[in-house]
Amino acid sequence: MSVTHSDAPQAPTTPGTETGTPAAGTTAPGTVEAPSGTAHVVGRVDDVPLGEGRAFVAGNTQVAVFRLRDGSLHATQAACPHAGGPLADGQTDPRVLVCPLHLYAYRWSDGAPTSGGNAPVRIYPVHEADGALVVTV
Amino acid sequence: MGAVLGGRPEGMTSLHFALSDADGVDPRQRLVVVGNGMAGARLVEEVLERGGGEQFAITVFGEEPHGNYNRIMLSHVLAGEEHEDDIVLNSHDWYADNGITLRAGVRVERIDTHAKLVYATDGTATGYDQLVIATGSRSFVPPMAGLRTADEALLPGVLGFRTIDDTRAMLAAAGEHEKAVVVGGGLLGLEAARALQGHGLAVEVVHAGTHLMNQQLDPDGGAILKQSVEALGITVHLATRTSEVIGPDRVRGVVLADGRAIDADLLVLAAGIRPVTEVALMSGIEVERGIVVDDQLRTDDPDVYAVGECAQHRGELYGLVAPVWEQARVLADVLTGTDPDAEYHGSRTATKLKVAGVDVATMGVNRPERDADEFLVISEPRRGVHLSVVIRDDVLIGATLLGDTRKVAFLTQAFDRGTPLPEERIRLLVDLSDGAAEVGVAELPGESQVCNCNGVTKQAICDTVAGGCASVGGVMDATRAGKGCGSCKGLVQQIVEWAAGGDVVEDPSASWYVPGIPLAKPALIAAIREQQLRSVPAVFAALAPGGEEDAKSKMGLTSLLRMVWGSDYEQENDAKFINDRVHANIQRDGTFSVVPQMKGGVTTAAQLRKIADVAEKYEVPMIKVTGGQRIDLLGVRKEDLPAMWADLGMPSGYAYGKSMRTVKTCVGSDFCRFGLGDSTQLGIDLETRFQGIESPAKIKMAVVGCPRNCAEAYVKDVGVVAVGNGKWEVYVGGAAGASVRKGDLLATVGSPAEVMQLTGRFLQYYRENANWLERTYDFVPRVGLPHLQRVLLEDGEGIVAELDEGIQRSIDAYTDPWAQDRAEPATPGQFRPALPLVALPKVPVR
């Protein structure tokens, strides 16, 4: 696993939303993680308030990173597989992430929805290294 | 008399080339039908349908000169609702076109069953191979003195009600006369009476039975029907006969058996029907009450059959059309050999009709016959409704519906097919819900959509139950049914219960305030107060099983803590829903809507100018006037929110929260010509006082200056209506969303100050007692208006002072979230975009 850059940018990692900007290099969601990926430092752990989620770009992939109140970190694709909802704005608990648009819930363990026949959400490995958030995509 | 119904224009002849062999002899069997009424003609149709036109040379004798017409509709012709041409079923042309010889206006006198010849009154003899008697029935003429003239004809002014000629005569007489007596209070008599009354005649009905329609109704039902008929202005005489007709030249009146005399210039005989069996009798065919037939409709002569009202099958005579149709089908099968073993086993008669403007449906028996029979009767004489069912061994064997036939579909099904009956028998007759007409869950087709928000069908719910999920909450979680607007939750529950067949797992969580804490709301509030729990994590730690957080419980707990603690609640952004974190309503593309406060829907030119400037500066894609009398800026990027609030300089309109949203008003007394009170000012005052108050679900209010209700106060959570003399009505529990409900009048008070006080008490009681996301339109009916009035108006529980204190604490804790968070973000990155690069499902810009 290599770290592409070690310094988190001071300015927000992501540019302002330009509505309609094409999603560059988005990958299709799936439960199976790539056996080996590239690790990206996307920001500082402090960028994500305890209990909340924030969106980042890891390489060319948008990810939502969550810091739960138990201290654990989780990362998922940024958009809900159901209707494209902003998952970083969702609510969480130790078991699931809930999308803010239609309240679909996805399990951290495998990304599967807890109800309905929706596609699962893609889960990415994430860890902290010296205060930096590292997401592997 | 009159024109021939369904006749051919004069002078027209028809050419018919019969199938013939080289010798010019028709090789087909000769089928002769005696009688051209509904049974005879229907039989011919059924025979033709089975290819019988090639098998048989068909001859039909009809006593009437007409084609075949729908006798059932005669009462409609009499009432003037149908033209007689419209009731023709088969015209003379139809017979000609189908190669059938119609001998209309020719009566058959007798049959020589040995020589196989039919003798008609015109002197002809017609040979047959197979013969069908379908002579139907005629009006029963009760014995009475003076009914006939010296030559045995009926006295002028005396009419039956059986044929189109009877009907024409009645119509002609109706124009010339004023008083009619109808003999017979059955279906036909009542229809004749109603129709004649419609033509302006004074009508009296004389009925020998002790109650009307005694063939179909029990005595109580008959009594209620009598009320309904008399309410129409028709006089009814029961349990008496007409013993004498007053003449002598024509009808002048009648004398009843009890000696009373009634003036009348028209006497209609509708005292039942009798099978016409003379032809059969004269021909030596077995006749009891009717012509006796076996299960193949065969008489005691192997080549002679009988169908319809003249036939007696297994001891029964049928006077309804459905059994006659069945008989015609069976006989056609037998005659044509389509099914030589076809048998008729009798009919279970169910009928639905309108008698004298009253809906009646009957099936099977109308009263219990054995000790063990269940008999349920619902009688509402005032409404003219009488409903009853008879059940034997869990099977419906009879039902009578008078005045209300909404349940006839289910009952007919249960009667015909023996479908299972609800354990609570009363559900057979009435829907026990107070909502809209309810479709039985069992009858709902599988593909019908139950949850319109999430597109869940009945089948999907049943499949989930079949898959082992047997709790209502579990099914709702699995299918998302009922998780949209929630208006289908009741139906979802019913379907789950039905699909699980009584194996529904009690859902303990149904009574919990939020799914993650196993406590109902009062116990939860008590625990929060007792243990001084001031944050959502503290509540989870103390009260959740294993101290575990639950994402879907956080929003409800946040609302509850703010209600309990006011400003002493410990803020945590992560416990809030995104709308409450950024004080704006998230849209489907991840953008937000910004609705500035506009109290009472009143704005100024300066405000509008500012809104316009802000909309331009931030390239707001849509500006929309909302239903709540405000202006909505839609499609705003999250990161623009704080700057927009700063530029607007207006407080939040709370168009995103489970909280007090807006107070709509009409122009009230300032400008309106009709305004009885200053609704605009009261609306502004209400919005000022209760702005941003958290509640279990959103609260919408309105104040109107008069009952014209221009701002729709009757359908708000709290609606206030000025009724003049300084008085205001306060309605609660109204709705005009997925559910529509007029609010209940909580009280009429004498001043705006009292409106404010009562509204505060109601709000606080609702906040403390309603379940999470339970709107007032569910809450108010649940606790009941009398209970609310006792608690809020009479202080029946001694809590009014507490309620006043509680609401005041929340009012005091109010701060404008826009002013607060634009100064300093609540958490780092509060307004950072959550979908940085993803192509959003764009909402079209108009």
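Residues numbered from 1 in each chain as written. Chains lettered and ligands numbered in written order. Predicted model: local features only at pLDDT ≥ 70, side-chain atom pairs only at ≥ 80, totals over all residues. Heavy atoms only, no water.

**Describing the overall build of chain A**
The criterion, for reference: In this description a helix means any DSSP run of H or I spanning at least four residues, a strand means any run of E spanning at least two, and both kinds are numbered starting from the N terminus. The buried label goes to any residue with under 20% of its type's maximum accessible area, the exposed label to any with over 50%, and the partly exposed label to all in between, with areas taken from a 1.4 Å probe on protein chains only. Accessibility throughout is a Shrake-Rupley quantity obtained with a 1.4 Å probe, and a residue counts as covered only by protein chains that appear here.
When helices and strands are tallied, chain A shows 0 helices and 10 strands. Of the regular secondary structure in chain A, the N- to C-terminal order runs β-β-β-β-β-β-β-β-β-β. In chain A, which comprises 137 residues, the proportion classed as buried is 53%. Here chain A has roughly 5700 Å² of accessible surface; of this, 51% comes from carbon and sulfur atoms.

**Focus on the sheet that holds strand S21 (residues 304-306) of chain B**
Paired through their backbone hydrogen bonds, the strands of a sheet run either parallel or antiparallel. All names here are of chain B. Selection rule: Criterion used throughout: strands pair if DSSP finds at least two bridges between them. Interaxial angle, 0 to 180 degrees, is taken between N-to-C directions of lines fitted to C-alpha atoms, where a helix line uses only the stretch in contact. What makes two residues a contact is simply this: any of their non-hydrogen atoms within 4.5 Å.
The 5 strands lie next to each other as S5-S2-S1-S9-S21, forming an open sheet whose pairing is parallel. In this open sheet, the two strands that pair with only one neighbour each are strand S5 (101-104) and S21. Looking at each pair of strands side by side, their axes are set apart by 15° on average, direction ignored. Where strand S1 (residues 29-34) meets strand S2 (residues 56-62), 6 bridges bridge the pair, whose relative direction is parallel. Considered in S2, the bridge of Gln29 is made with Phe56. Across the face of the sheet, helix H1 (residues 38-49) comes into contact with S1, S2 and strand S9 (130-133) while running at roughly 165° to S2.

**With respect to the confidence of the model for chain B**
Residue and element names in this part refer to chain B. Note the threshold: Per-residue confidence from the predictor is reported as pLDDT, a score between 0 and 100.
Chain-level statistics for chain B give a pLDDT mean of 87 and a share of 94% at 70 or above. Every residue in residues 11-22 is under pLDDT 50, and counting partners more than four places away or in other chains gives 13 contacts. Between residues 837-843, whose pLDDT stays under 50, and residues either more than four places distant or in other chains, the model counts 24 contacts. For this predicted complex, the interface confidence score (ipTM) comes to 0.76, while the overall pTM stands at 0.54.

**A few points about the pattern of salt bridges**
All names here are of chain B. As a reminder, the rule being used: Basic side-chain nitrogens of Lys or Arg form a salt bridge, by our definition, when they fall within 4 Å of a carboxyl oxygen of Asp or Glu.
Here the structure, examined in full by the defined rule, presents 44 salt bridges over all chains. Among the ionic pairs, Glu46 bridges to Arg50, the shortest N-O distance being 2.7 Å. On the accessibility criterion, Arg50 (22% relative accessible area) is partly exposed. Ionic pairing is found between Asp295 and Arg314, a salt bridge with its closest N-O pair at 2.8 Å. Residue Asp295 is located in the loop between strand S20 (291-293) and S21, and its partner Arg314 is located in the loop between strand S22 (311-313) and strand S23 (316-317); the two are separated by 19 residues in the primary sequence.

**Considerations on the packing of aromatic side chains**
The test is simple: Any two rings among Phe, Tyr and Trp, with Trp reduced to its six-membered ring, count as a pair given centres within 6.5 Å; such a pair is stacked if its planes are under 30 degrees apart, edge-to-face if over 60, and tilted if neither.
Applying the stated criterion across every chain yields a total of 12 aromatic pairs over all chains. On the basis of an interplanar angle of 55° and a centroid distance of 5.3 Å, the ring pair of Phe66 of chain A and Trp108 of chain A is categorised as tilted. Residue Phe66 of chain A is found in strand S3 (residues 61-67), and its partner Trp108 of chain A is found in the loop between strand S7 (105-107) and strand S8 (123-124); the two are separated by 42 residues along the sequence. As far as burial versus exposure is concerned, Phe66 of chain A and Trp108 of chain A are alike and both buried. Taken together, a centroid distance of 6.3 Å and an interplanar angle of 80° make the contact between Tyr318 of chain B and Tyr344 of chain B edge-to-face. Separated by 26 residues along the polypeptide, Tyr318 of chain B in the loop between S23 and helix H9 (321-336) and Tyr344 of chain B in the loop between H9 and strand S24 (350-355) bring together distant segments of the chain. With respect to class, Tyr318 of chain B is no different from Tyr344 of chain B; both count as buried.

**Some thoughts on helix H25 (residues 800-812) of chain B**
Residue and element names in this part refer to chain B. Condition: The span one expects for a helix is its residue count, reduced by one, times 1.5 Å. Directions from the helix axis toward the C-beta atoms define the arc.
Helix length check: H25 (13 residues) gives 18 Å between terminal C-alpha atoms against 18 Å at 1.5 Å per residue, within 8%. Listed as buried for H25 are Val800, Leu803, Gly806, Ile807, Ser810 and Ile811. Angularly, the buried residues of H25 cover 135° about the axis, an arc narrow enough to put them on a single face. Set apart from the buried face of H25 by more than 90 degrees, the exposed residues are Ala801, Glu802, Glu805 and Asp812. Check the buried side of H25 and you find it contacts helix H16 (554-565), helix H21 (679-690), helix H22 (752-769) and helix H24 (785-793).

**A closer look at the pairing of strand S36 (residues 699-704) of chain B**
Residue and element names in this part refer to chain B. A large share of S36 lies buried, amounting to 5 of its 6 residues. Both strand S35 (residues 660-665) and S36 contribute to a ladder of 5 bridges, which runs parallel. Paired with Met660 across the strands is Ile699, a residue of S36. Where S36 lies against strand S37 (residues 718-724), 4 bridges are found, and the strand directions are parallel. Across the sheet, Met701 pairs through a bridge with Val718, a residue of S37.

**Considerations on the nonpolar core**
One recurring pattern in soluble globular proteins: nonpolar side chains tend to sit buried together. Residues and elements named next belong to chain B. This is how the line gets drawn: For this analysis, a nonpolar core means a set of buried residues of the types Ala, Val, Leu, Ile, Met, Phe, Trp, Tyr and Cys, connected via side-chain atoms within 4.5 Å.
Ranked by size, the top nonpolar core spans 64 residues in total, and within it Ile517, Ile528, Val594, Leu633 and Leu641 carry the most contacts. With 7 residues, the single largest contributor to this core is H16. By size, the runner-up hydrophobic cluster in this structure holds 52 residues, among which are Ile111, Val132, Leu297 and Val304.

**Quick word on the environment of Pro248 of chain B**
For Pro248 of chain B, the position within the fold is in the loop between strand S15 (242-246) and strand S16 (253-256). Residue Pro248 of chain B is classed as exposed on the basis of its relative accessible area of 73%.

**A short note on the sheet that holds S15 of chain B**
All names here are of chain B. Sheet architecture is open: 3 strands sit in the order S15-S16-S17, paired in antiparallel fashion. With partners counted over all chains shown, the strands left at the sheet margins are S15 and strand S17 (261-263), one partner each. Across the sheet, the axes of successive neighbouring strands diverge by a mean angle of 25°, strand direction being ignored. Where S16 meets S17, 3 bridges bridge the pair, whose relative direction is antiparallel. Looking at S17, one finds that Val255 is bridged to Ala261.

**Side note on the state of the cysteines**
Residues and elements named next belong to chain B. As a reminder of what qualifies: When two cysteine sulfur atoms are found within 2.5 Å, that pair is recorded as a disulfide.
Per the stated rule, a full pass over the model turns up 0 disulfides over all chains. Free of any disulfide, Cys672 has its nearest neighbouring cysteine sulfur in Cys706, separated by 6.0 Å. With a relative accessible area of 28%, Cys672 lands in the partly exposed category.

**Considerations on the pairing of strand S9 (residues 126-129) of chain A**
All names here are of chain A. Note: S9 against strand S10 (residues 132-136), 4 bridges, orientation antiparallel. For Glu128, the partnering residue across the bridge sits in S10 and is Leu133. In sequence, S9 turns back onto S10 through a hairpin of 2 residues, with Asp130 there showing a positive phi of about 55°.

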